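If you want the building blocks of each chain, they are given just below.
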Amino acid sequence: MVIGVISDIHSYHNKIELPKMDMLIVAGDFTAQGKPKEVKKFNLWLGRTNIEHIIVCGGNHEKYFDNELSLSEKKEAMSNSIYLEDESVTINGIKFWCAPWVSAFCGMGFNKSEKQRLDLFSNIPKDTDILVTHTPALGILDVVNNVYSDYRDFNTGCAQLKSIIEKRPNLKMHVFGHIHEQYGQCVANGIIRVNASVCNLSYKPVNKVQMFDINLETKEVKPLNEPSTILEDAIALMSRHIS
């Protein structure tokens, strides 16, 4: 089964070139401001892709989702996909779990405290194969390098999520976004970690869809393309800031 992964689209979905795939995973921030008209346009675009399976997770820019809609209303608004929020779906024997929660950030969507995040991420089933969140786990493709502010060269991932992932030995892949400048992929503790951000730090939709093949018998995941970002700098920063 061929899977494409994207996140942090910020309403630039019409700029994305989608290769042929069996499944598309969207790891949050598919809108710019979370307005209803943005959600509607994105859902219509999903319906035009003709991809058999589409899984969508929310992100902090989906403030409208978080504050105004019930879960059933969210699913209705995302009718051309499988919208999941602290839920799982099993497709072709592969179990997926989505969780949109992030640390408090400018009063945006899906903000939760450390304790709330620990409680929510604890719901991730131990037999999950592919985890989809908006936030990265602490120390994995989460280094902020914002040249436009004082926020530079430190890890912003979720420590609570990191602790939960360490207790989920069946995980094959973790898909996330949130930190645009850390687009790319690496392997940590035997798990493929993918920052799927389409937009870069300047909110330009320049990053390609990252593609993977999943063997449905062994559940082995193999990358099908190499993202352009070189990860050595991210790994060096990770080792510098995380003990």
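What counts, and at which threshold
Residues numbered from 1 in each chain as written. Predicted model: local features only at pLDDT ≥ 70, side-chain atom pairs only at ≥ 80, totals over all residues. Heavy atoms only, no water. Helix = DSSP H or I, 4+ residues; strand = E, 2+ residues; numbered from the N terminus. Contact = heavy atoms within 4.5 Å. Areas by Shrake-Rupley, 256 points an atom, 1.4 Å probe, with all protein chains shown as cover. Buried < 20%, exposed > 50% of the residue type's maximum accessible area, 1.4 Å probe, protein only. Polar contact = N/O pair within 3.5 Å; in protein donor to acceptor, adjacent residues only side chain to side chain. Pairing = 2+ DSSP bridges. Axes fitted to C-alpha atoms, helices over the stretch in contact; angles between N-to-C directions. Phe/Tyr/Trp six-rings, centres within 6.5 Å; stacked < 30°, edge-to-face > 60°. Core = buried A, V, L, I, M, F, W, Y, C linked by side-chain atoms within 4.5 Å.

Draft legend 1. Broad picture of the overall build of the chain. Summing up its helical and strand segments, the chain has six helices and 14 strands in all. When contacts within the chain are restricted to residue pairs at least 6 apart in sequence, long-range pairs at least 24 apart make up 64% of them. As displayed, the chain has an accessible area near 11,200 Å², and 49% of this comes from carbon and sulfur atoms.

Draft legend 2. Structural view of the environment of S72. Here S72 lies in helix α3 (residues 71-77). Since its relative accessible area comes to 52%, S72 is described here as exposed. S72 sits eleven residues away from Y83 along the chain, and the two C-alpha atoms are 9.7 Å apart. A polar side-chain atom of S72 sits 3.1 Å from a polar atom in the side chain of S70.

Draft legend 3. Main features of the sheet that holds strand β10 (residues 173-176). On the basis of which strands lie adjacent, the open sheet formed by six strands has the order β5-β6-β7-β10-β12-β11 and mixed pairing. Edge strands, defined here as strands with exactly one partner in the open sheet, are β5 (87-91) and β11 (184-188). The average angle at which neighbouring strand axes cross in this sheet is 20°, direction not considered. In terms of strand pairing, β11 meets strand β12 (residues 191-195) through five bridges, oriented antiparallel. Paired with G184 across the two strands is N195, which belongs to β12.

Draft legend 4. Fine view of the packing of aromatic side chains. Under the counting rule described, the total for this entry stands at six aromatic pairs. Consider the rings of Y64 and F65, whose centres lie 6.3 Å apart with planes at 50°: the pair is tilted. On the basis of relative accessible area, Y64 is assigned to the partly exposed category, the value being 24%. For F65, a relative accessible area of 0% translates into the label buried. Members of the aromatic cluster, connected to one another through ring pairs, are F30, F42, W45, Y64, F65 and Y83.

Draft legend 5. Structural detail: the pairing of β12. A large share of β12 lies buried, amounting to five of its five residues. Burial of β12 is two-sided: the residues I191, R193 and N195 facing one way and the residues I192 and V194 facing the other way are all buried. Looking at chain direction, β10 and β12 are connected through four bridges and run parallel. Its bridge partner being in β12, V175 is matched across the sheet by V194. Where β11 folds back onto β12 in an antiparallel hairpin, the turn is made up of two residues, including N189, whose phi is positive at roughly 55°.

Draft legend 6. Region of interest: the environment of H53. The topology assignment puts H53 in strand β3 (residues 53-57). On the basis of relative accessible area, H53 is assigned to the buried category, the value being 17%. Taking the C-alpha atoms as reference points, H53 and S81, separated by 28 residues in sequence, lie 7.2 Å from one another. The contacts of H53, once residues within four sequence positions are left out, are D22, M23, L24, I91 and N92.

Draft legend 7. Structural view of the nonpolar core. By size, the foremost hydrophobic cluster in this structure holds 36 residues, and its most contacted members are F30 and M78. Within the residue set of this core, elements represented by two or more residues are β2 (23-27), α1 (36-48), β3, β6 (94-99), α4 (114-121) and α5 (159-165). Looking at this core element by element, the count peaks at four residues for α1. Sequence-distant contacts of F30, defined by excluding residues within four places in its chain, comprise I9, H10, S11, V39, F42, V56, C57, G58, E62, F65 and M78. Judged by nonpolar contacts, the second largest core, of 24 residues, contains V5, I91, V132 and I214.

Draft legend 8. Examining the sheet that holds strand β1 (residues 2-6) more closely. Taken together, six strands build an open sheet; the order of strands is β4-β3-β2-β1-β13-β14 and the sheet is mixed. Either end of the sheet is taken by a strand with one partner, and the two such strands are β4 (82-83) and β14 (221-223). Taken together, the four bridges between β1 and β2 define a ladder with parallel strand orientation. Within β2, the residue paired with V5 across the bridge is I25.

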